[in-house]
Amino acid sequence: MAKGLRLLEAFDEEHHSLGLSELAKRTGLDKSATQRFANTLHQTGYLMKDEATRRFRPSHKFAEMAYAYLWSDPVVQLAMPKLIELSGRLGETINMAELSGSDIVYVARIPCQRTTFAATLVGRRVPALNTSGGRAILATLPETERRACIENWPLTRFTPETTQDRDRISELVEEAAHLGYSFSRNELILKEIGVAAPIIGADGRPVAAVHCSVSAYHWTREKVEQDIVPFLLDTANSITPSVR
């Protein structure tokens, strides 16, 4: 079963469809095992197969599994009406992300008119250290725990200005701990400003972060702090999950 799941995990935004050789290379399985698992996943409806090219791609089952997850997540259910209200008030892109290992995963995304297609899709996974949402979550952890995360969690460069200096990231996390929100610029997309506030569970641990992204062509940090941060904090503080 674990090997079969490796085949499903081989697909991402850069690998929309894969042939057997590509699947074998990405999963580390031999060609024979890859063929058996791929055919089983095709027969059970998890992979679609182009009979002309013999290439596989994800089926609607992937969307159904995401649907099942979102229905089962009490934080998403509790937060969504408040995120919609915040989006309507600000007229900007609003996301909610949850920590998953050393990454954050976007579980709710409410776009604005300028939002790209990729930024409308739930399920995107990015390193927590490279995002305002991830840093906002880390800032609420005990000091020794967040230091260990900053020292050991992976980093990825998305733009020429993506922060790779761990000392600088530590400063940004400490700033977020002091302010109650995290600010970023040019981390995932050039000329994009991000600001995020943590959602804290009943046990005092972070469960997610509410995130707003705006264009640096139209916004400055000062304007974000004046016109967005108060509403962002109010929304994050109003989401208080009792169970997880």
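Quick note: structure is the one above.
Residues numbered from 1 in each chain as written. Predicted model: local features only at pLDDT ≥ 70, side-chain atom pairs only at ≥ 80, totals over all residues. Heavy atoms only, no water.

Asks: Can you walk me through the overall build of the protein chain in this structure?
Replies: Within the protein chain, the regular secondary structure consists of 10 helices and 8 strands. The C-alpha atoms of the protein chain give 20 Å as radius of gyration, which agrees with the globular expectation for 244 residues (18 Å, within 12%). In terms of overall dimensions, the protein chain has a C-alpha envelope of 60 × 40 × 35 Å along the principal axes. Burial statistics for the protein chain: of 244 residues in total, 44% are counted as buried. Put simply, 53% of the contacts in the protein chain that link residues at least 6 apart link residues at least 24 apart. In the protein chain, which carries 29 positive and 30 negative side-chain charges, the distance between the mean positions of the two groups comes to 6 Å. (Helix = DSSP H or I, 4+ residues; strand = E, 2+ residues; numbered from the N terminus. Rg over C-alpha atoms; globule rule 2.2 N^0.38 Å. Buried < 20%, exposed > 50% of the residue type's maximum accessible area, 1.4 Å probe, protein only. Contact = heavy atoms within 4.5 Å. Lys, Arg positive; Asp, Glu negative; His and termini not counted. Charge placed at Lys NZ, Arg CZ, Asp CG, Glu CD.)

Asks: Looking at this structure, how should I read the packing of aromatic side chains?
Replies: How two aromatic rings sit relative to each other is given by the distance of their centres and the angle of their planes. Summed over the entire model, instances satisfying the criterion amount to 1 aromatic pair. Just above the ring of Trp-219 sits the side chain of Lys-223; from NZ or CZ to the centre is 3.7 Å. (Phe/Tyr/Trp six-rings, centres within 6.5 Å; stacked < 30°, edge-to-face > 60°. Lys NZ or Arg CZ within 6 Å of the ring centre and 35° of its normal.)

Asks: Even after reading the chapter, I still don't get the pairing of strand β4 (residues 103-110), so can you show me in this structure?
Replies: The side chains of a regular strand alternate, residue by residue, between the two faces of the sheet. The buried count for β4 comes to 8 of 8 residues, which makes it a mostly enclosed element. Pairing analysis gives 7 bridges linking strand β3 (residues 93-100) to β4, with the strands arranged antiparallel. Along β4, the bridge assignment pairs Ser-100 with Asp-103. Hairpin connection, β3 to β4: the antiparallel pair is bridged by 2 residues, and Gly-101 has positive phi, about 65°. Pairing of β4 with strand β5 (residues 125-127), which is carried by 3 bridges, proceeds in the antiparallel orientation. Directly across from Asp-103, in β5, lies its bridge partner Pro-127. (Pairing = 2+ DSSP bridges.)

Asks: What's the story with helix α1 (residues 2-9) in this structure? I'm lost.
Replies: For an α-helix, 3.6 residues make a turn, and residues three or four places apart therefore share a direction. Burial in α1 covers these residues: Gly-4, Leu-7 and Leu-8. With its buried residues spanning 100° around the axis, α1 presents them on a single face. Summarising the geometry of α1, the exposed residues directed more than 90 degrees from the buried face are Ala-2 and Glu-9. Residues of α1 that are buried sit in contact with α2 (20-27), α3 (31-43), β1 (47-49) and α4 (60-72). (Arc of directions from axis to C-beta.)

Asks: Can you help me understand the layout of surface pockets in this one?
Replies: In this approach the atoms are scanned with a rolling probe the size of a water molecule, which exposes any empty space left behind. By volume, the largest pocket amounts to about 1,400 Å³. Along its surface, the largest pocket is lined by 32 residues, and Phe-11, Phe-62, Val-122, Gly-123 and Arg-124 are the ones closest to its centre. Mapped onto the lining of the largest pocket, the elements with two or more residues apiece are α1, β2 (56-58), α4, β3 and β4. The leading source of residues in the lining of the largest pocket is α4, at 7 residues. Classifying every residue of the lining of the largest pocket by side-chain character gives 19 nonpolar, 6 polar and 7 charged. As a volume, the second largest pocket reaches approximately 380 Å³. What lines the second largest pocket is a set of 26 residues, and nearest its centre among them are Ala-119, Leu-188, Ile-189, Glu-192 and Ser-213. The set of elements that each furnish at least two residues to the lining of the second largest pocket consists of β3, β4, β7 (192-200) and β8 (206-215). A breakdown of the residues in the lining of the second largest pocket according to their chemical character gives 8 nonpolar, 12 polar and 6 charged. (1 Å grid on protein atoms, 1.4 Å probe; cavity = no way out; pocket = protein on both sides within 12 Å on 5 of 7 lines; lining within 4 Å. Points joined across faces, edges and corners; volume = space filled by probe spheres on them. Nonpolar A, V, L, I, M, F, W, Y, C, P; charged D, E, K, R; others polar.)

What is shown is where atoms sit, not what they do.
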